[in-house]
Amino acid sequence: AMTTREPTPDFTAQLPGDGRAGARSRELFNAALAVIPGGVNSPVRAFKSVGGDPPFIRAARGPYLLTEDGVTLVDYVGTWGPAILGHAHPEVIDAVCRAAKDGLSFGACSAAEVEFAELLCTVVPALHGGLVRLVSSGTEATMSALRLARGFTGRSKIIKADGGYHGHADMLLVAAGSGAATLGIPGSEGVPPSTVRDTLTVPFNDLAAVEKVLDEYRGAVAAIIIEPVPGNMGCVPPRPGYLQGLRDLCTREGVVLIFDEVMSGFRVALGGASQRYGVTPDLVCLGKIVGGGMPVGAYGGKREIMQHVAPLGHVYQAGTLSGNPVAVAAGLTTLQILVRDDPYPALEAIAAAVANGIAARAAQLGIPLANNRVGAMFTGFFREGDVHDYDDAKQSDLAAFAEFHREMLAHGVYLAPSQFEASFVSLAHDQAAIDHTLAAADAALAAVARRHA
Ligand code: KE4
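From a predicted model like this one, the values you see are computed outputs, not experimental measurements.

**Student:** Where do I start with the site of the ligand in this structure?
**Tutor:** Close to the ligand lie 16 residues, the nearest being Ser 42, Thr 139, Asn 232, Asp 260 and Glu 421. In the model, an oxygen atom of the ligand is placed 2.6 Å from a nitrogen or oxygen of the Ser 42 side chain. One of the side-chain N or O atoms of Glu 421 is found 2.7 Å from a nitrogen atom in the ligand. A class-by-class count of the residues in the shell around the ligand yields 5 nonpolar, 7 polar and 4 charged.

**Student:** Can you walk me through unusual backbone geometry in this structure?
**Tutor:** Glycine aside, a negative phi is what most residues show, and trans is what most peptide bonds show. Ala 310 connects to Pro 311 through a cis peptide bond whose omega is 5°. Position of Pro 311 relative to the elements: it lies in the loop between helix H9 (303-306) and helix H10 (325-341). Its identity is not glycine, yet Ala 88 carries a phi of approximately 55°, on the positive side. For Ala 88, the location among the structural elements is in the loop between strand S3 (72-75) and helix H2 (90-101). For Ala 88, a relative accessible area of 37% translates into the label partly exposed.

**Student:** What am I meant to see in helix H13 (residues 398-410) here?
**Tutor:** Since the α-helix packs 3.6 residues into each turn, any two residues three or four apart lie on the same face. For H13, which comprises 13 residues, the first-to-last C-alpha distance of 18 Å matches the rise-based estimate of 18 Å (1.5 Å per residue) to within 8%. Buried within H13 we find Ala 400, Phe 401, Ala 402, Glu 403, Phe 404, His 405, Glu 407, Met 408, Leu 409 and Ala 410. Structurally, H13 contributes buried residues whose contacts are with S3, helix H11 (344-364), strand S14 (413-414) and helix H14 (431-452). Where H13 starts, the residue carrying a side-chain oxygen 3.1 Å from the main-chain nitrogen of Ala 399 turns out to be Asp 397.

**Student:** What is the right way to read the pairing of strand S12 (residues 370-374) from this model?
**Tutor:** When a strand is regular, its side chains alternate between the sheet's two faces. Residues Ala 370, Asn 372 and Val 374 of S12 are buried on one face, while the alternating residues Asn 371 and Arg 373, pointing to the opposite face, are not. In this structure, S12 lies alongside strand S13 (residues 377-381), joined through 5 bridges in antiparallel fashion. By the bridge assignment for S13, Asn 372 is matched with Thr 379. Between the end of S12 and the start of S13, which pair antiparallel, lie 2 residues, with Gly 375 showing a positive phi angle near 60°.

**Student:** So what exactly am I meant to see when it comes to the side chain of Asp 260 here?
**Tutor:** Along the polypeptide, Asp 260 turns up in strand S9 (residues 256-260). For the buried Asp 260, no salt bridge is present, and the opposite-charge side chain at shortest range is Lys 288, 8.6 Å distant. For Asp 260, the side chain forms a polar contact with the side chain of His 166, separated by 2.7 Å. Within the structure, the side chain of Asp 260 is placed 3.0 Å from the backbone nitrogen of Val 262, a separation counted as a polar contact.

**Student:** Is there a simple way to think about the sheet that holds S12 in this case?
**Tutor:** The strands making up a sheet are joined through hydrogen bonds of the backbone, oriented either antiparallel or parallel. If you walk across this open sheet you meet the 3 strands as S12-S13-S15, and the pairing is antiparallel. Taken across any chain shown, the strands that pair with only one partner, and hence form the sheet edges, are S12 and strand S15 (423-424).

**Student:** Is there a simple way to think about the packing of aromatic side chains in this case?
**Tutor:** Aromatic ring pairs are defined here through the distance separating the ring centres and the angle between the ring planes. In the structure shown here, the tally under the stated rule is 7 aromatic pairs. Between Phe 382 and Phe 401, the ring centres sit 6.3 Å apart and the planes meet at 70°, which makes this aromatic pair edge-to-face. With Phe 382 in the loop between S13 and helix H12 (390-394) and Phe 401 in helix H13, this pair connects stretches of sequence that are 19 residues apart. In terms of burial, Phe 382 and Phe 401 fall into one category: buried. For the pair Tyr 390 and Phe 420, a centre-to-centre distance of 5.8 Å together with 75° between the ring planes defines the contact as edge-to-face. You can see Tyr 390 sitting in helix H12 and its partner Phe 420 sitting in the loop between S14 and S15, a full 30 residues away along the chain. Given the relative accessible area of 17%, Tyr 390 is considered buried. Phe 420 gets classed as buried once you look at its relative accessible area, which sits at 17%. Among the aromatic residues, those joined into a ring-pair cluster are Phe 382, Phe 401 and Phe 404.

**Student:** How do you make sense of the nonpolar core when you look at a structure like this?
**Tutor:** As a rule of thumb, nonpolar side chains are buried together in soluble globular proteins. Phe 116, Leu 120, Phe 266, Leu 286, Phe 382 and Phe 404 are the most contacted members of the largest nonpolar core, which has 76 residues in total. If sequence neighbours within four positions are ignored, Phe 404 has contacts with Ile 358, Phe 382, Leu 415, Ala 444, Leu 445 and Val 448. One finds Val 202, Leu 214, Leu 246 and Val 387 within the second-largest nonpolar core, a separate group that totals 30 residues.

**Student:** What am I meant to see in the pattern of salt bridges here?
**Tutor:** When the charged atoms of two side chains with opposite charge come close together, those side chains can pair. A full pass over the atoms with the stated rule returns 21 salt bridges. Note that Asp 18 is salt-bridged to Arg 20, the shortest N-O span being 2.6 Å. Using a relative accessible area of 45% as the deciding quantity, one classes Arg 20 as partly exposed. For Glu 211, the salt bridge identified is with Arg 252, shortest N-O distance 3.0 Å. You can see Glu 211 sitting in helix H6 (residues 207-216) and its partner Arg 252 sitting in helix H7 (residues 242-253), a full 41 residues away along the chain. Exposure remark for Arg 252: the relative accessible area of 48% places this residue in the partly exposed category. Each member of the salt-bridge network shares a partner with another, and the members are Glu 211, Asp 215, Arg 218, Arg 252 and Glu 253.

Calculation notes
- Residues numbered from 1 in each chain as written.
- Predicted model: local features only at pLDDT ≥ 70, side-chain atom pairs only at ≥ 80, totals over all residues.
- Heavy atoms only, no water.
- Near = heavy atom within 4 Å.
- Polar contact = N/O pair within 3.5 Å; in protein donor to acceptor, adjacent residues only side chain to side chain.
- Nonpolar A, V, L, I, M, F, W, Y, C, P; charged D, E, K, R; others polar.
- Helix = DSSP H or I, 4+ residues; strand = E, 2+ residues; numbered from the N terminus.
- Buried < 20%, exposed > 50% of the residue type's maximum accessible area, 1.4 Å probe, protein only.
- Expected span 1.5 Å × (residues − 1).
- Contact = heavy atoms within 4.5 Å.
- Pairing = 2+ DSSP bridges.
- Lys, Arg positive; Asp, Glu negative; His and termini not counted.
- Salt bridge = Lys/Arg side-chain N within 4 Å of Asp/Glu carboxyl O.
- Phe/Tyr/Trp six-rings, centres within 6.5 Å; stacked < 30°, edge-to-face > 60°.
- Core = buried A, V, L, I, M, F, W, Y, C linked by side-chain atoms within 4.5 Å.

Structure, rendered in structure tokens:
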């Protein structure tokens, strides 16, 4: 039967409750397990590292999620970044509905994608005066940018950071390196050694390690791809001078500098990390917020590089739904609102209130917590001392994190189910949502103190 559904009642006035999977979520998860690998369409959603079944989400609005068990939760996943305006922003929903009524996809040129590209080239530093190509995910954006860098330079080696995640293209699925540069060994079954033989990993925030690799492989490295503000090892700020150092090394060696701003783009500033730190890469990869919650990715940058992309040049890349009018409506409207309303001062204040509130409570209870934040993304690592790279992050107490996550969920706060993910605030996280979050943190951290001190 066609899936008919009553409209969701307004749940935003409802107080957040216990978000652990109830009967309905568990019933749905069992049904999912019968037909979907691990019951999920993306592994991290399975709650493997925090335990328990995942709550199923029925609706989302503003800072809140509504579970299939009828429970409201304060959301800090924000669908892994896109929901920076809050879920189901009325202007975005309206634009998507209007576009959908005119057809979902044309597979042909449309005016909206030109308007979108023009705005992207205005807002994103790496795109100023350059070219941008729309795709449908962050994975497609980074995969394409790396192929382009290899085509443009005629070189094969690529460098990434240990603990950096750029989507699941084969050449990027290398085992986390250990210490100095490691030649790629597959980080997933099904990735032939030949595919990652040219992928080198270096520790994040370590310029000397990059310089060493560039000396060793002079003339053979096509690109460095980096999350300028990593979120996939948890949130780790770049050390002062690190990004500029990469920029200078790449300029000197003719290596394409690629900023993977799928997560940090439009998140840490309107112009992303490039704007926040004043460093412009040769190519930039975008995703998440760029689609406002719909499937959109993008890659672009210097015209002299981008003109090697088919059909202008001979680096092939294509996509059936690239630039489709419905996804563009979501992304373009989101971007227009970010430009119009300049939410970044407010986002900074909201994120500081939450991150610092949690850190203060941990300190009062004697729980070691490294409070890392850049703008509206943050991570509290359950460990003493600072976290500057993936090795540091891996020394966190994962059992304490899992306990914290479970207890926060039980008190109505939905955090990313992994210590190695970032938390995200939205413009919709009002004082009530923040107060509820910090009250939950009181209880959750007290539980951690009892069990893990
Ligand atoms: P997608 O292919 O998932 O749209 O984007 C891949 C990607 C690329 N680059 C960065 C910096 C990213 O953070 C991502 C995706 N991030 C994960 C969260 N860590 C998405 C969540 C998931 O995998 O389900």
